[in-house]
Amino acid sequence: MSPKVLVINSGSSSIKYQLVEVDSGEALATGLVERIGQPVGAVRHDGPDGRTSLEQPVPDHEAGIATILELFATHGPKLDASELTAVGHRVVQGGDRFAGPALVDDAVEAAIDDLSTLAPLHNPPNLAGIRAARRAFPTLPHVVVFDTSFHSTLPPAAYTYAIDQEVASLYSIRRYGAHGTSHRYVSHRAAELLGKDPADVNVIVLHLGNGASATAVRGGVSVETSMGLTPLEGLVMGTRSGDIDPAVVFHLQRVAGMSTDELDDLLNRRSGMLGLSGSSDMRDVHDAVEAGDERARTALQVYYHRIRAYVGAYYAQLGRVDAIAFTAGIGENDDIVRINSLAGLERLGIAVDAERNEGRKKDECVISPDGSEVTVFVIPTNEELEIARQAVELVAQQG
Ligand code: ADP
C-alpha cells in the first residue's frame, strides 16, 4: 500500500492541509480553514465528494484541526490513523539547528518555540498547528520540514553578513533563506526532466509568488539564495520591498519619526508591487499597464530588473548553469513576467521562446528554444508532496 501523509501548513489565521499519496504524488484531499479567531471562519474541503464549503466559528488552531478531522469523517476520504504513515508539518524557521526534517518530540517543539525570535509571525502558529495535530493523532509520527533546511548547505561566504561578527553571533544574524522546500522540489525535478542526476546539474530556481525568492542550486544543494535573515530580502515581492539600503530605515526613523513597527509594516506589507503600483497582484498590475498606468509599467520594470540582476549574479556564482526554473503563482502563470525577466541574456545562453512561453502552465514544460545552452523550465511547485516524501523517508530511517 502506498504511504499516505497528512500535510499541514498552519499559519496565523489559516490552516492549509493536503492528504498526499506519496507514490503517485496525488492529493487525495485538499482544504483550507481560514479566518481562525474571527467571529466566523471559512472552511473549504476538496475530497472525493467534490467541494464542501462551510462557514462556522473556528476560535483557535485546536478547533481548526478538529474541523479538518470532521470534514474527513463526513466527506472523505476516511482518515484512519492506521492508514497514515505520518503527519507532515511545514515550519518556516529552523535556524541553524535543523539541516533536515525532524521527528517531533517535546524537545523539537521547544526548539521551534525558541526559534520564534527569528520568525515571530510564522513559527508560533506553525507550532500551534503541530501541538493540536499531535493531540489529534497521538500515536502517529509527526515530522516537521523546515523552509530553511534546504539552505543549510550555503557556504559561509554566502550566509555571512559583513557586520561585526560578535553582534552577528550573539543575535544569530545570518542568511537563513526561505521557500527551501519549493526550491528543493523544483531544482530536483529540473534535473530529472533533463534526464540527469541532481548531483550533476546546476539550476537557478525563481520562485515567484506573493513572496518571491531565487536560489542557486549546485549539484542538488543550495549554494546561494535571495531571502536572508527573514523573507524580506531579495526580489521585489507582492508587498515586500526585497533589497533596500538599510540606511533607508535609519533615515525614516530620523526624518519621519517612524517607529520600528511602522517601518516593519512599510517594508513588509506596504512595499513591493503594492507600494510601487497600488496592487500586490500581478494580474491587476498588467491590467493597469494595459489601461496606460505609468506607475504600473515602472513597477514591472523594477520587478524584471531585480530578477535579471539575481540571475546574472547566480550565473557568476555557479560558473555554469544548466537550467532556470520558474515556479509559484507568478512563475507558473505569468508569461509576460517570464519572458521579460530573462530578456537580453542571450549572451549567457539564456533565451525564452515566445510561442512556447505563451499562457499559464499547469504542467511542467520547457520554454527555451531547442538547442539552448540553458534550458528554461516552468515547473509547478509541490511543497506538500516534498514534505510528504521527506516525512516518509525520515519515518522509514527511524523505523
Ligand atoms: P504565495 O503562496 O506566496 O501566497 P502564490 O504562489 O499563490 O503566492 O502566488 C500568488 C500570486 O500569483 C498572486 O499574487 C498573483 O500575483 C500571481 N498570479 C496568480 N495567477 C496569476 C495569473 N494567471 N497571472 C499572473 N499572475 C498570477
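A. View of the site of the ligand. Around the ligand, the neighbouring residues are Gly209, Asn210, Gly211, Asp281, Met282, Arg283, Ala328, Gly329, Ile330, Asn333, Asp334 and Arg360. Measuring from an oxygen atom of the ligand, one finds a backbone N or O atom of Asn210 at 3.0 Å. Take Asn333: an N or O atom from its side chain is 3.4 Å from a nitrogen atom of the ligand. Counting only elements with at least two residues in the shell around the ligand, the list comes to helix H10 (282-290) and helix H12 (328-333). Take the shell around the ligand: its biggest share by element is 4 residues, from H12.

B. How the structure looks around a nonpolar patch on the surface. Among the surface-exposed residues, Ile163, Val167, Leu170 and Tyr171 lie close enough to one another that they form a single nonpolar patch of about 410 Å² accessible area. Turning to its location among the elements, Tyr171 is positioned in the loop between helix H5 (165-170) and helix H6 (180-193).

C. Representation of the sheet that holds strand E9 (residues 202-208) within the structure. Sheet architecture is open: 6 strands sit in the order E11-E10-E9-E12-E14-E13, paired in mixed fashion. Strands at the two margins of the open sheet, each flanked by one partner only, are strand E11 (221-225) and strand E13 (365-366). Across 5 bridges, E9 lies against strand E12 (residues 323-327) in parallel orientation. Paired with Val203 across the two strands is Ala323, which belongs to E12. Its contacts with the sheet put H6 on E9, strand E10 (212-218), E12 and strand E14 (375-378), and the angle it makes with E9 is roughly 135°. Contacts between helix H11 (residues 294-318) and the sheet are confined to E9, E10, E11 and E12, with E9 contributing the most and set at about 160° to the helix.

D. How the structure looks around the pairing of strand E2 (residues 15-21). In terms of burial, E2 is a largely internal element, 6 of the 7 residues being buried. Of the pairings in the sheet, the one linking strand E1 (residues 4-10) to E2 comprises 7 bridges and is antiparallel in character. Among the inter-strand pairings, Val5 is bridged to a residue of E2, identified as Val20. The loop that links E1 with its antiparallel partner E2 comprises 4 residues. As defined by bridge partners, E2 adjoins strand E3 (residues 26-34) across 7 bridges and the pair is classed as antiparallel. When the sheet's bridge partners are listed, Glu21 is paired in E3 with Glu26. The antiparallel pairing of E2 with E3 creates a hairpin that spans 4 residues between the two strands, and Gly25 there sits at a positive phi of about 75°.

E. Focus on the packing of helix H2 (residues 106-114) against helix H3 (residues 123-136). Across the interface, H2 lies against H3 with an axial gap of 9 Å and an inter-helix angle of 160°. On the basis of the axis angle, H2 is roughly antiparallel to H3. The handedness of the crossing between H2 and H3 comes out as left-handed. For the pair H2 and H3, contact is made by Asp106, Glu109, Ile112 and Asp113 and by Asn123, Leu127, Ile130, Arg131 and Arg134, respectively. Classifying every residue of the contact of H2 with H3 gives 3 nonpolar, 1 polar and 5 charged.

Thresholds, definitions, all that
Residues numbered from 1 in each chain as written. Predicted model: local features only at pLDDT ≥ 70, side-chain atom pairs only at ≥ 80, totals over all residues. Heavy atoms only, no water. Near = heavy atom within 4 Å. Polar contact = N/O pair within 3.5 Å; in protein donor to acceptor, adjacent residues only side chain to side chain. Helix = DSSP H or I, 4+ residues; strand = E, 2+ residues; numbered from the N terminus. Patch = residues over 30% accessible without salt bridge, like charges linked within 9 Å, V, L, I, M, F, W, Y side chains within 5 Å. Areas by Shrake-Rupley, 256 points an atom, 1.4 Å probe, with all protein chains shown as cover. Salt bridge = Lys/Arg side-chain N within 4 Å of Asp/Glu carboxyl O. Pairing = 2+ DSSP bridges. Contact = heavy atoms within 4.5 Å. Axes fitted to C-alpha atoms, helices over the stretch in contact; angles between N-to-C directions. Buried < 20%, exposed > 50% of the residue type's maximum accessible area, 1.4 Å probe, protein only. Parallel < 35°, antiparallel > 145°, perpendicular 65-115°, else oblique. Left-handed = near helix turned anticlockwise from the far one by under 90°. Nonpolar A, V, L, I, M, F, W, Y, C, P; charged D, E, K, R; others polar.

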